[in-house]
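Secondary and tertiary structure notes
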Amino acid sequence: MALENKLNITDSTELARMEEKISKKKAVELFENGYLDHYEAGTFRMLAAIHKYLFDEIYDFAGKVRTVNIAKSNFRFAPVMYLQAAIENVEKMPQSTFDEIVEKYVEMNIAHPFREGNGRSMRIWLDSILKKELSMVIDWSTVNKEDYLLAMERSPIKDIEIKYILKQALTDKVNDREVYMKGIDYSYYYEGYAIYKAKDL
Ligand SMILES: Nc1ncnc2c1ncn2[C@@H]1O[C@H](COP(=O)(O)OP(=O)(O)O)[C@@H](O)[C@H]1O
Ligand SMILES: [Mg+2]
């Protein structure tokens, strides 16, 4: 069954297809219209604005912090009970060096603020921090998807692999739309989340 959505789609493959199409269109708009210039890189407000922009046509929860506990590949993201505090702590993390920025990204991923679409909105968020602080972005077209995902799965325990992968892909082509859009491509990781109950913690 598909996640509840504004398009009234019940088939999960169909929803995934529409979601990818719409969020990519929205991502191009975001890139072109300078909307994110109104936000401060590294804040949750900015991440929420990105999420809302990408998914508002699809989900009621666009831009909103999730209200269920979620897990993927046996990893439990921050429990709803601690999510607000986790987000506030991540926001306070420094972001002046490459290592600090990736560490912040890894921690925001552990928080996983949204019900769906964390990967895509967080990669745009990461790029906006790198752009502001280092005048660089990730060239997502050079990042191997399997390597990236394995490194992300590993990142709560050890962040050396994701740091290595992202560092290799740094580029100063900050205004190149292709470089940016490849980050949105990762949306074909359609598999959903397992929901867990607080008593299972
Ligand atoms: N087991 C895991 N542990 C930690 N992070 C993960 C795990 N699996 C996936 N991720 C991260 O979560 C992202 C997927 O989140 P999701 O909410 O499905 O976003 P999207 O729908 O945009 O892909 C991946 O891109 C990766 O960065
Ligand atoms: Mg997903």
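Just above, that's the structure.
About the cut-offs
- Starting afresh in each chain, residues are numbered from 1 along the sequence in its written order.
- Labels are handed out in written order, letters beginning with A for the chains and numbers beginning with 1 for the ligands.
- Residues qualify for local features only when their pLDDT is at least 70, as the model is predicted, and side-chain atom pairs are given and counted only at 80 or more; totals for whole chains, interfaces and linings, by contrast, use all residues.
- Side-chain descriptors were evaluated using all non-hydrogen atoms of the structure, hydrogens and water having been removed beforehand.
- Three labels apply to residues, based on accessible area from a 1.4 Å probe with only protein chains included: buried if under 20% of the type maximum, exposed if over 50%, partly exposed otherwise in between.
- Only DSSP runs of H or I covering at least 4 residues are called helices, and only runs of E covering at least 2 are called strands; the numbering of each starts at the N terminus.
- In this description, strands pair whenever DSSP reports at least two bridges between them.
- The criterion for a residue being near a molecule or strand is simple. One of its heavy atoms has to lie within 4 Å of it.
- N or O atoms within 3.5 Å of each other form a polar contact, as long as, within protein, one can give a hydrogen and the other can take it, and as long as residues adjacent in sequence are counted only when both atoms are side-chain atoms.
- Accessibility throughout is a Shrake-Rupley quantity obtained with a 1.4 Å probe, and a residue counts as covered only by protein chains that appear here.
- Polar here means any residue outside two lists: the nonpolar Ala, Val, Leu, Ile, Met, Phe, Trp, Tyr, Cys and Pro, and the charged Asp, Glu, Lys and Arg; Gly therefore counts as polar.
- The criterion is simple. A nonpolar core is a set of buried Ala, Val, Leu, Ile, Met, Phe, Trp, Tyr and Cys residues joined through side-chain atoms within 4.5 Å.
- Contacts: residue pairs with any heavy atoms within 4.5 Å of one another.
- In this scheme Phe, Tyr and Trp rings, the latter by its six-membered ring, pair at centre separations within 6.5 Å, and the angle between planes marks the pair as stacked below 30 degrees, edge-to-face above 60, and tilted otherwise.
- The span expected for a helix works out to 1.5 Å for each residue beyond the first.
- Inter-axis angles, ranging from 0 to 180 degrees, are taken between N-to-C directions of lines fitted to C-alpha atoms, where helices are fitted over the stretch in contact.
- With respect to orientation, any angle under 35 degrees is reported as roughly parallel, any angle over 145 as roughly antiparallel, any angle of 65 to 115 as roughly perpendicular, and every other angle as oblique.
- Any Lys or Arg side-chain nitrogen located within 4 Å of an Asp or Glu carboxyl oxygen qualifies as a salt bridge.
- Should the near helix be turned counterclockwise from the far one by less than a right angle, the crossing is left-handed, whereas a clockwise turn marks it as right-handed.

In this section: the pairing of strand S1 (residues 69-72). A two-sided burial pattern is seen for S1, the buried positions comprising Asn-69 and Ala-71 on one face and Ile-70 and Lys-72 on the other. Of the strand pairs in this sheet, S1 and strand S5 (residues 194-196) are connected by three bridges, and their pairing is antiparallel. Among the inter-strand pairings, Asn-69 is bridged to a residue of S5, identified as Tyr-196. Note: S1 against strand S2 (residues 75-76), two bridges, orientation antiparallel.

To continue, consider the site of ligand 1. Around ligand 1 sit 17 residues, and of these Lys-72, Asn-109, Gly-119, Arg-120 and Tyr-193 come closest. At 2.8 Å, a side-chain N or O of Lys-72 approaches an oxygen atom of ligand 1. The side chain of Glu-116 places a nitrogen or oxygen atom 2.9 Å from an oxygen atom of ligand 1. Surface burial for ligand 1 is 98%, taken as the share of its 570 Å² of free accessible area covered by protein chains. Of all elements in the fold, only helix H5 (118-134) and helix H6 (145-154) reach the threshold of two or more residues within the shell around ligand 1. Residues belonging to the shell around ligand 1 are distributed by class as follows: six nonpolar, six polar and five charged.

Within the largest apolar cluster, 53 residues are counted, with the highest numbers of intra-cluster contacts made by Ile-50, Met-108, Trp-125, Leu-126, Ile-138, Ile-162 and Leu-166. When contributions to this core are tallied by element, the ones reaching two or more residues are helix H1 (12-33), helix H2 (44-55), helix H3 (80-92), helix H4 (98-111), H5, H6, helix H7 (160-168) and helix H8 (177-181). With residues up to four places along the chain from it excluded, the contact list for Ile-162 reads Val-102, Val-106, Tyr-148, Ala-151, Met-152 and Ser-155.

Turning our attention to the packing of aromatic side chains. Here the structure, examined in full by the defined rule, presents eight aromatic pairs. Between Tyr-35 and Tyr-53 the ring centres are 5.1 Å apart and the planes differ by 45°, which places this aromatic pair in the tilted class. Linking Tyr-35 in the loop between H1 and H2 with Tyr-53 in helix H2, this pair joins segments that are 18 residues apart in sequence. The class for Tyr-35 is partly exposed, based on a relative accessible area of 28%.

Let us now look at H1. Compared with an ideal rise of 1.5 Å per residue, which puts 22 residues at 32 Å, H1 spans 31 Å between its outermost C-alpha atoms and is within 8% of the ideal. Those residues of H1 lying buried are Leu-15, Ala-16, Met-18, Glu-19, Glu-20, Ile-22, Ser-23, Lys-26, Ala-27 and Leu-30. On its buried face, H1 is in contact with H2, H5 and H8. Phi for Gly-34, located one or two positions after H1, is positive at around 70°.

We now examine the packing of H1 against H2. The N-to-C vectors of H1 and H2 enclose an angle of 125°; their axes lie 7 Å apart at closest approach. Judged by the angle between their axes, H1 and H2 are oblique. Together, Glu-19, Ile-22, Ser-23, Lys-26, Ala-27, Glu-29, Leu-30 and Asn-33 of H1 and Ile-50, Tyr-53, Leu-54 and Phe-55 of H2 make up the contact between the two elements. Here the residues of the contact of H1 with H2 sort into seven nonpolar, two polar and three charged.

Attention now moves to the pattern of salt bridges. Opposite charge on two side chains lets them pair, provided their charged atoms get close. Applying the stated criterion to the full structure yields 13 salt bridges. In this structure, Arg-177 and Glu-32 form a salt bridge, with 2.7 Å as the shortest nitrogen-oxygen distance. In this pair, Arg-177 is assigned in helix H8 and Glu-32 in helix H1, connecting sequence segments 145 residues apart. Counted as one network, the salt bridges with shared partners bring together Lys-25, Lys-26, Glu-29 and Glu-57.

The next subject is the packing of H2 against H5. Relative to each other, H2 and H5 sit at 135°, their axes nearing to 9 Å. Relative to H5, H2 is oriented oblique. The crossing of H2 and H5 is right-handed. Residues Met-46, Leu-47, Ile-50, His-51, Leu-54 and Phe-55 of H2 lie in contact with H5, whose contacting residues are Arg-120, Ser-121, Met-122, Ile-124, Trp-125 and Ser-128. Tallied by class, residues from the contact of H2 with H5 come to eight nonpolar, three polar and one charged.

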